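Here are the chains, one letter per residue:
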Amino acid sequence: MRTRPLVLTTESARHPFRQRLPQHVLRVVEQAPAAKRKRVDDDSDWKLFGLSFCAFFTAFYSFIS
């Protein structure tokens, strides 16, 4: 007869491996509300594009003239 460790199973987890995991592993953590989130600087891509364009234009123009 096999001896198995006493582990409470989670019935919502359908796979046998997930059923044996502890409750805190399967718990879903809710994210902060949108109003409290830190704003992300979305224009960094445009700034990088502008800088790259100006650098390329300056280098290219210096080779032509």
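Sequence order as written defines residue numbering, which begins from 1 separately in each chain. Residue-level local features of this predicted model are given only where pLDDT is at least 70; pairs of side-chain atoms are given and counted only at 80 or more, and the full residue set underlies all totals for whole chains, interfaces and linings. Remark: hydrogens and water are excluded; side-chain values derive from all non-hydrogen atoms of the structure.

Q: Would you mind going over a nonpolar patch on the surface with me for this structure?
A: On the surface, a cluster of nonpolar side chains totalling about 680 Å² of accessible area is made up of Trp-46, Phe-49, Phe-53, Phe-57 and Tyr-61. Put simply, DSSP marks the helices as runs of H or I at least four residues long and the strands as runs of E at least two long, and each gets a number from the N terminus on. One can find Phe-49 in helix α3 (residues 44-64). Under the relative-accessibility criterion, Phe-49 is labelled exposed at 52%. A patch consists of residues whose relative accessible area exceeds 30% and which take part in no salt bridge; residues with like charges are grouped when within 9 Å of each other, and nonpolar side chains (Val, Leu, Ile, Met, Phe, Trp, Tyr) when within 5 Å. Shrake-Rupley sampling with a 1.4 Å probe provides the accessible areas, and residues are treated as covered by the protein chains on show and by no other component. Should a side-chain nitrogen of Lys or Arg be within 4 Å of a carboxyl oxygen of Asp or Glu, the pair is scored as a salt bridge. Think of it in three bands: residues with accessible area under 20% of the maximum for their type are buried, residues over 50% are exposed, and the middle band is partly exposed, with areas taken using a 1.4 Å probe on protein chains only.

Q: What's the story with the UniProt feature "transmembrane region" (unreviewed entry) in the chain in this structure? I'm lost.
A: UniProt positions are given in the numbering used here, feature names are shortened, and annotations may be inferred rather than shown by experiment. Annotation from UniProt places "transmembrane region" (unreviewed entry) at residues 46-64. Segment residues 46-64 splits into 100% helix and 0% strand. End C-alpha atoms: 27 Å apart.

Q: Please explain the packing of aromatic side chains as it appears in this structure.
A: Each aromatic ring pair is characterised by the separation of its centres together with the angle its planes make. Centre distance within 6.5 Å is the pairing criterion for rings of Phe, Tyr and Trp, where only the six-membered ring of Trp is used; planes under 30 degrees apart are then read as stacked, over 60 as edge-to-face, and the remainder as tilted. Taken as a whole, this structure holds five aromatic pairs when the rule is applied. Centroid distance Phe-56 to Phe-60: 5.8 Å. Interplanar angle 15 degrees. Geometry classified as stacked. Taken as a pair, Phe-56 and Phe-60 lie in helix α3 at a separation of four residues, close to a single helical turn. With relative accessibility at 56%, the residue Phe-56 sits in the exposed group. Judged by relative accessible area, which is 46%, Phe-60 ranks as partly exposed. Members of the aromatic cluster, joined through ring pairs, are Trp-46, Phe-49, Phe-53, Phe-57 and Tyr-61.

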